[in-house]
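Survey of secondary and tertiary structure
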Amino acid sequence: MNKASAGKRDPKVRSDCYIEIEEEKRGGIKIDLKSKVEIMYGESIKKTILEMCEFYGIKHLSVLIEDAGALPMTIQARFELAVKRLHPEIEKEFLPPFNEKNNYGTKKDRLRRSRLYLPGNEPKFYPNAGLHNPDGIILDLEDGVAPSEKDAARLIVRNALRAIDFYGSERMVRINQLPRGLDDLKFVVPHNVHIILIPKCETADDVKQVEEEAKRLKKENRIKREIYFMPIIESALGIVNAYEIASASKNNCALAIGLEDYTADIGTQRTNEGTESFVARSQLVIAAKAAGIQAIDTVFSDVNDMDGLRESVIEAKSLGFEGKGCIHPRQIKVVHEAFAPTEAEIEKAEKIVAAFKEAKKKGLGVVSIGSKMIDAPVVKRAEKVLETVKALNS
Amino acid sequence: MKLVKNAAGRLVPTVVNGVKQVPYKGVAKYKPKGNKYGSPIRSCADYPDDGNKVVKNIREALIKAGLKDGMTISTHHHLRNGDVVTNLLFDTIKSMGIKNIRWFPSASFPVHSHLIKYLEDGTIHHIEGSMNGPLGRFTSLGKMKGTGVLRSHGGRYQAVQDGEVHIDIAVIAAPTADPFGNATGDRGPAACGLLGFALADSQYADRVIVATDNLVPFPCTPWQIQGNNVDYVVEVPTLGDPSKIVSGTTQVTKSPDRLLIAEYIARFLDESGIMKDGFSFQAGAGGTNLAFAVYLKELMKKKGIKARFIRGGSTKYLVEMLEEGLTDYILDGQTFDLEGVRSMRENPNHINTSPFTSYNYHGKGNFASMLDAVVLGATEVDINFNANVVSHSDGYLLHGIGGWQNCLFGKTTILAIPSFRDRIPVIVDEVTTLVGPGELIDVIVTERGIAINPKRKDLLKAVRNSSLPIRPIEEIYEEINQICGGKPAKPKVNKKKVVAIIKWVDGTVIDSVYQVEE
């Protein structure tokens, strides 16, 4: 076989391309380009292909490109994939340069109210995702990717982590269920990821395996920056082991729950009332808090029902969850608003923090408002409330 | 073809289709003297006393109207993409062996690509109006015999009124008419709301033919076109496909990025202080524009603010605002959905307007300039705020001007645009075709931020403490070039072959469109 293809071929495709390559004995590199942006970027696309042929030492090749306005990082990933599908032995990676604007880190306990899922093989959603201000963006290698395109998604996600400006959102990748997920890590760890989501996590060992492999890759690639983990619990066994999972790594930052799989696992249906998952969700919150990390709720899947979403967030907040999954950018604002402290909460927090400062200034060991004693956790919670308000207003 | 540099620095021809042209002089600089054009005096002696002007068919009407080679035939576009009358008209003209017609529509739609064969065989010499979709492509490839002339809705009225364009025969498709020629668009199987775009044609054409598929006994009342201006009335089986004339329902965009743009605009109007009791705005029927109206409505309700009038393109969203008391009036230029048509028919505060009242620049004022805020689209905007609506960065003509140029005279002009489409930057270093000068464009709202024209110091000041993402236009420009992989290359065009000219609202030529080299 001397032919391979990669990418998407459909009249409805936007911001993506289809590439077909065929090895030749002679004739050099021949590029047949059909592009919606031929006049504006035709030359640039051809230049990229020639450059990549040189990088891979390819001398003779017929290339067919059907382009619907794919960004450079997408064309590069598609062409690299075509080459690697033809020659699976090739390991060399053609990497886009790091986007300087993405040079921000993260903190273990930063706000994680909203995390927006983006399918790993759909680059058209990437450049604007951060504009909707989610706390985190999840590039999904797992359920959002067709089994036949797992290899494609790895390259797209790797290039996106390097090239796309996510405007301050935390960069998360959901790897595949282990063991495949372990192989995903080399496309993620060296490329500026903040958080790795471990799906269908059932034991502490799942986390430890990811931690080991991430550690190895960090060392190999001389990565200094901390990478955090967010195990997602999606089964009865996972719920039973929740505390061990939550405390399996010091780099765990949060524990999340995935209810579609969980309800299937316990043999029931997901309902709006959520009676079937109430205990599991509470248990997950308790396990996360016991391990000193955040508890993150599942996604709300009806993108048209904003009132339902708002109610579900308020309910999640009351259970102790600090974040919610989003599958559409318009959900983000609603999630943030619903997680926001109420006026009464803010007022109370302001009073507590002011009293604490006052007491500190006077050198008093004990803080009180009126006849009520205020202890350290209360002050901490009040500070957190004000921090959330600040984040909301920025 | 001799080209000269106009006041905007663009090269434009001095003679087009044998007619001498005035190069653009700048905003509000060109004020022609003299009198308006007058249509010929007619006598009742030549018209039936019983008021019955019905003739057998379009062919007979055209013969009676004296159709000859080289004449100018006008049509209106209220039937939009459902129009079958214009195609039928030219089928008839072709069958009569007539050549070299100047077609003068108020706009064209993809349905009119039927006419390409008549442009090819010489039945139609050239188009003065808009060249949309396939017609734009045909024109851009240099295949049209004459040179296209693009005018705004107001510019079209001005050109007819000033005598720049003499209409020999106007064919006015009317959803309801009586035998005398009184006609309306607000009822009938092909109801389209109003007929304002045909007003100038009915007033100034030598001969006026009304074509209807709903002939009612005299009087058709209230009339929008006066029968006293009409020569002949023709019954046709149908004016067109109602579902393509007005939408059953117009839909707000689902694109999260466009919704974000719409939300930014509504917030901008609020935070800049433009949204206040008694204010006015214009919103069109594009998905982003509809969403903007929805967001603005929420803000108005929240703050208890009421508008004095809204200019449409009316849709159910504007109708809801009227019916919920959020505005006193809708001043409507065209209706986009069935709710708009119903409201215009039933609600005395839903007013039908015309390019004369709203847009004509050679009059004693017009409505567009009174608007507090106008939200428009664009295909390209450059870093000097100049904008393009007729062509894309690949050089091909694709859209008409519509009322766009006329609306630029509103107090605050806002362009709602995505910063790039697929991989094509919308903010560029220089527009492919100049349609609106930057000095009239105040705010660019993209999903990547809001750029305010530095000339509008008052607006910059008004929103200086806002949490909205106000950014210099150059910064957004740099950012999208980086995303798209560098500055886009310019199309290869033949700078010696002008395929169309763009008129400014005063009849001067603001830019040229060149033949694209395939």
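Residues numbered from 1 in each chain as written. Chains lettered and ligands numbered in written order. Predicted model: local features only at pLDDT ≥ 70, side-chain atom pairs only at ≥ 80, totals over all residues.

1. Considering the overall build of chain B
Quick note on the threshold: Secondary structure elements follow DSSP: runs of H or I no shorter than four residues count as helices, runs of E no shorter than two count as strands, and numbering proceeds from the N terminus. Here the globule rule is a power law, 2.2 Å times the number of residues to the power 0.38, and the radius of gyration is based on C-alpha atoms. Burial is judged by counting the other C-beta atoms within 10 Å of a residue's own C-beta: 20 or more makes it buried, 12 or fewer makes it exposed, and any count in between marks it as partly exposed, with every C-beta position built from the backbone. A pair of residues counts as a contact when their C-beta atoms, built from backbone coordinates, are within 7 Å of each other.
Of the regular secondary structure elements, chain B holds 15 helices and 29 strands. By the compact-globule yardstick of 24 Å for 518 residues, chain B fits well, its C-alpha radius of gyration being 23 Å. Taking all 518 residues of chain B together, 58% fall into the buried category. Intrachain contacts of chain B at a sequence separation of at least 6 include 73% that bridge at least 24 residues.

2. Let's talk about the overall build of chain A
On a plain count of helices and strands, chain A comes out with 14 helices and 14 strands. Along the three orthogonal principal directions, the C-alpha set of chain A runs to about 90 × 45 × 45 Å. The contacts in chain A between residues at least 6 apart in sequence include a share of 72% that link residues at least 24 apart.

3. A few points about the sheet that holds strand β15 (residues 279–282) of chain B
All names here are of chain B. Basically, it comes down to this: Pairing between strands is defined by DSSP: at least two bridges between them are needed. Only the stretch in contact is used when fitting a helix axis, every axis being a line fitted to C-alpha atoms; angles between N-to-C directions are given from 0 to 180 degrees.
Spatial ordering of the open sheet is given by β18-β17-β16-β15-β19-β22-β26-β27, a layout of eight strands whose pairing is mixed. The strands lining the two open edges of the sheet, one partner per strand, are β18 (350–352) and β27 (449–452). The mean inter-strand angle of the sheet, taken between neighbouring strand axes irrespective of direction, is 20°. Note: strand β22 (residues 413–416) against strand β26 (residues 443–446), three bridges, orientation parallel. Bridge assignment links A416 to a residue of β26, and that residue is V445. Of the strands in this sheet, β16 (307–314), β17 (327–335) and β18 touch helix α11 (residues 338–346), which is tilted by about 120° from β17.

4. Here's the deal with the environment of L61 of chain A
Residue and element names in this part refer to chain A. Relative to the assigned elements, L61 resides in strand β4 (residues 61–67). A count of 21 C-beta atoms within 10 Å places L61 in the buried class. Taking the C-alpha atoms as reference points, L61 and N2, 59 residues apart in sequence, are found 9.9 Å from one another. Those residues within four positions of L61 in sequence are excluded, and the remaining contacts are I21, E23, E24, I29 and C53.

5. Here we look at the sheet that holds strand β7 (residues 101–105) of chain B
One key point about sheets: their strands pair by backbone hydrogen bonds, in either a parallel or an antiparallel sense. Residues and elements named next belong to chain B. Spatial strand order, β5-β14-β13-β10-β6-β7-β8-β9-β28-β29: 10 strands in an open sheet with mixed pairing. One side of each edge strand has no neighbouring strand; the edge strands of this open sheet are β5 (54–55) and β29 (509–516). The pairing of strand β6 (residues 72–75) with β7 spans four bridges and is parallel. Within the sheet, the bridge partner assigned to S74 lies in β7 and is F104.

6. What about the domain arrangement of chain B?
All names here are of chain B. Operational definition: These domain boundaries are the output of an automatic or database domain assignment. Gly is placed with the polar residues, together with every amino acid not listed as nonpolar (Ala, Val, Leu, Ile, Met, Phe, Trp, Tyr, Cys and Pro) or charged (Asp, Glu, Lys and Arg).
According to the domain assignment, chain B consists of domain 1 (32–245) and domain 2 (258–488). On a C-alpha basis, the centres of domain 1 and domain 2 stand 30 Å from each other. For the side of domain 1 that touches domain 2, the elements supplying multiple residues, two or more each, are α4 (133–140), α5 (153–161) and α6 (199–204). Per-element accounting of the side of domain 1 that touches domain 2 gives the leading share, seven residues, to α5. Partitioning the side of domain 1 that touches domain 2 into residue classes produces 10 nonpolar, 18 polar and six charged.

7. Examining the packing of helix α9 (residues 287–303) of chain B against helix α10 (residues 316–323) of chain B
For any two helices packed against each other, the geometry is given by the interaxial angle and the distance between the axes. Residues and elements named next belong to chain B. To keep it simple, the criterion reads: By the definition adopted for this analysis, an angle is roughly parallel if under 35 degrees, roughly antiparallel if over 145, roughly perpendicular if from 65 to 115, and oblique otherwise. Crossings are assigned a handedness: left-handed for a near helix turned anticlockwise from the far helix by less than a right angle, right-handed for a clockwise turn.
Between α9 and α10, whose axes approach to 9 Å, the crossing angle comes to 25°. Comparing their axes, α10 and α9 come out roughly parallel. Note on packing geometry: the crossing formed by α9 with α10 is left-handed. Mapping the contact onto sequence places L290, A293, V294 and K297 in α9 and Y317, L318 and M321 in α10.

8. Topic: the interface of chain A and chain B
Each side of the interface is counted separately: chain A has 22 residues, and chain B has 19 residues. The element that contributes the greatest number of residues to the side of chain A that touches chain B is helix α1 (residues 38–55) of chain A, accounting for five residues. For the side of chain A that touches chain B, a count of residues per class yields 11 nonpolar, seven polar and four charged.

9. Brief notes about the domain arrangement of chain A
One frequent convention defines the size of an interface as the accessible area lost when the parts assemble. Partitioning chain A into domains gives domain 1 (3–86), domain 2 (101–339) and domain 3 (343–393). One C-alpha centre belongs to domain 1 of chain A, the other to domain 3 of chain A, and the line joining them spans 59 Å.

10. Some words on the nonpolar core
Grouped burial of nonpolar side chains is what soluble globular proteins tend to show. Defined as follows: In plain words, the nonpolar core is the set of buried Ala, Val, Leu, Ile, Met, Phe, Trp, Tyr and Cys residues that C-beta atoms within 7 Å link up.
In terms of nonpolar packing, the biggest core is built from 262 residues, with I196 and L255 of chain A together with I172, I209 and I265 of chain B touching the most fellow members. Per-element accounting of this core gives the leading share, nine residues, to helix α8 (residues 256–271) of chain B. The next biggest cluster of nonpolar side chains, apart from the first, holds six residues, and it includes F356, V367, A382 and V385 of chain A.

11. Thoughts on the pairing of strand β13 (residues 207–212) of chain B
Residue and element names in this part refer to chain B. Burial within β13 is extensive, with six of its six residues counted as buried. Along β13, one buried face is formed by R207, I209 and A211 and the opposite face, lined by V208, V210 and T212, is buried too. Where strand β10 (residues 169–174) meets β13, six bridges bridge the pair, whose relative direction is parallel. Looking at β13, one finds that I172 is bridged to V210. Pairing of β13 with strand β14 (residues 232–235) involves four bridges; the strand directions are parallel.

12. Quick look at the packing of helix α2 (residues 72–86) of chain A against helix α4 (residues 150–163) of chain A
Residue and element names in this part refer to chain A. Taken N-terminus to C-terminus, the directions of α2 and α4 make an angle of 145°; their axes are 9 Å apart at the nearest point. When you trace α2 past α4, the crossing you get is right-handed. When α2 is examined against α4, the residues M73, T74, Q76, A77, E80 and L81 are found in contact with a partner set consisting of D151, A152, L155, I156, N159, A160 and A163. Grouping the constituent residues of the contact of α2 with α4 by class yields eight nonpolar, three polar and two charged.

13. Focus: unusual backbone geometry
At the junction of L178 of chain A and P179 of chain A, the peptide bond is cis and its omega measures out at 5° in the coordinates. Here P179 of chain A is to be found in the loop between β7 (170–174) and α5 (180–184). Omega for the peptide link from F218 of chain B to P219 of chain B comes to -5°, which places this bond in the cis form. As for its position among the elements, P219 of chain B is in the loop between β13 and β14. Positioned with a positive phi, N100 of chain B is a non-glycine residue whose angle comes to about 55°. Counting through the fold element by element, N100 of chain B comes out in the loop between α2 (85–95) and β7. Since 15 C-beta atoms lie within 10 Å of it, N100 of chain B is described here as partly exposed.

14. Concerning the pairing of strand β11 (residues 294–299) of chain A
Residues and elements named next belong to chain A. In terms of burial, β11 is a largely internal element, five of the six residues being buried. Pairing of strand β10 (residues 254–257) with β11, which is carried by three bridges, proceeds in the parallel orientation. Note on β11: the bridge partner recorded for L255 is A295. Inspection of the sheet shows β11 paired to strand β12 (residues 323–326) by two bridges, in the parallel sense. Within the sheet, the bridge partner assigned to V299 lies in β12 and is G325.

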